[in-house]
Amino acid sequence: MKENNFVKEVPSGYVQVKYINAKNVKVGLIFNAICLLVAAAVITVAVLLAVNSGENIAEANPIKTLIVTIIGIAVFFAYIILHELVHGVVYKQQTGEKLTFGLSWSCAYCGVPNVYVYRKTAIIAVAAPLIIFSIIFMATSAVAFFLDKTFFLLSAAILGFHLGGCSGDIYVLALLIFKFKNKKMLMRDTGPEQYFYLPKEN
Ligand SMILES: [Zn+2]
């Protein structure tokens with residue numbers, strides 16, 4: 001089945017229709033700016049929810065706040081690694097090919113650089129971490145809201161940075177879902193770069 005998910009060379013008759021490079025200064029800055037804006041928006045909503053809950057969060061214990069912040073930073077770095085691993089697990093399961101992982105100035109990444117995957121595989125691989133971690137962090141935020149407002153704000157902040165950090169994935173997904181609807185579309189994902197190919201019309 002794996003053979004149906006990718007090809008090793010672009011078949012004749014295909015043309016490159018799009019190229020994205022997250023290491024490009026402009027692209028990297030735009031996605032990171034969107035990340036901060038989304039995170040700020042989610043955190044603002046969370047703070048408003050916490051304030052309106054009636055609990056006096058201003059009287060939170062500073063030592064607890066510090067410990068929770070340290071936990072939050074550790075969880076977030078673990079999350080970044082797990083996010084890339086989820087991309088990797090899907091690419092590996094779909095292709096069996098060699099993966100690449102890395103970190104550039106603008107993003108962490110995972111790709112499958114030696115092959116060209118079809119649209120369906122591309123959609124599953126790009127969407128998987130977005131879906132999985134959105135469910136996890138929304139669930140932890142909802143539970144924490146009723147148990148502990150400090151952990152709620154921490155969980156909501158991680159949710160915000162997760163959603164914002166997925167701006168690149170969301171952009172690629174939007175292209176795959178709305179722009180390149182041809183299931184014969186091929187994508188080469190080196191990690192920071194994505195190349196898109198379509199069969200030439202006639
Ligand atoms: Zn991703």
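Just so it is clear, the model here is predicted, and its values are computed rather than measured.

J.: Lay out helix α2 (residues 62–95) with the relevant residues and their values.
T.: The terminal C-alpha atoms of α2, which comprises 34 residues, lie 49 Å apart, in line with the 50 Å expected from a rise of 1.5 Å per residue. What α2 keeps buried is the set His83, Glu84, His87, Val90, Tyr91, Gln94 and Thr95. At its buried positions, α2 is contacted by β1 (6–7), β3 (100–103), β4 (108–118) and α3 (119–147).

J.: Let's hear about the confidence of the model for the protein: which residues, and what values?
T.: With 97% of its residues at a pLDDT of 70 or more, the protein shows a mean pLDDT of 94. Confidence, read as mean pLDDT per element, is least for α2 in the protein (94) and greatest for strand β5 (residues 186–189) (98).

J.: How would you sum up the pairing of β3? Please name residues and give values.
T.: Note that β3 and β4 share 4 bridges and pair antiparallel. When the sheet's bridge partners are listed, glycine 102 is paired in β4 with tyrosine 109.

J.: I'd like a rundown of the nonpolar core, residues and numbers included.
T.: The biggest cluster of nonpolar side chains holds 22 residues, and the ones touching the most others in it are Val42, Leu153, Ala156, Ala157, Ile158 and Leu159. Of all the secondary-structure elements, those providing two or more residues to this core are α1 (25–52), β4, α3 and α4 (149–165). Sorting elements by how many residues they give to this core places α4 first, with 9 residues. Apart from residues no more than four positions distant in its own chain, alanine 157 is found in contact with Ile43 and Gly72. Among the nonpolar cores identified, the runner-up in size contains 19 residues, and Val90, Tyr116, Ala125 and Met187 belong to it.

J.: Could you give an account of the packing of α2 against α3, naming the residues involved and the relevant values?
T.: At a minimum axis distance of 9 Å, the contact between α2 and α3 shows a crossing angle of 150°. Judged by the angle between their axes, α2 and α3 are roughly antiparallel. For α2 against α3, the interelement crossing comes out right-handed. Contacts between α2 and α3 pair Tyr79, His83, Val86, His87, Val90, Tyr91 and Gln94 from the former with Thr121, Ile124, Ala125, Ala128, Pro129, Ile132 and Phe133 from the latter.

What counts and what doesn't
Residues numbered from 1 in each chain as written. Predicted model: local features only at pLDDT ≥ 70, side-chain atom pairs only at ≥ 80, totals over all residues. Helix = DSSP H or I, 4+ residues; strand = E, 2+ residues; numbered from the N terminus. Expected span 1.5 Å × (residues − 1). Buried ≥ 20, exposed ≤ 12 C-beta atoms within 10 Å, placed from the backbone. Contact = placed C-beta atoms within 7 Å. pLDDT = per-residue confidence, 0-100. Pairing = 2+ DSSP bridges. Core = buried A, V, L, I, M, F, W, Y, C linked by C-beta atoms within 7 Å. Axes fitted to C-alpha atoms, helices over the stretch in contact; angles between N-to-C directions. Parallel < 35°, antiparallel > 145°, perpendicular 65-115°, else oblique. Left-handed = near helix turned anticlockwise from the far one by under 90°.

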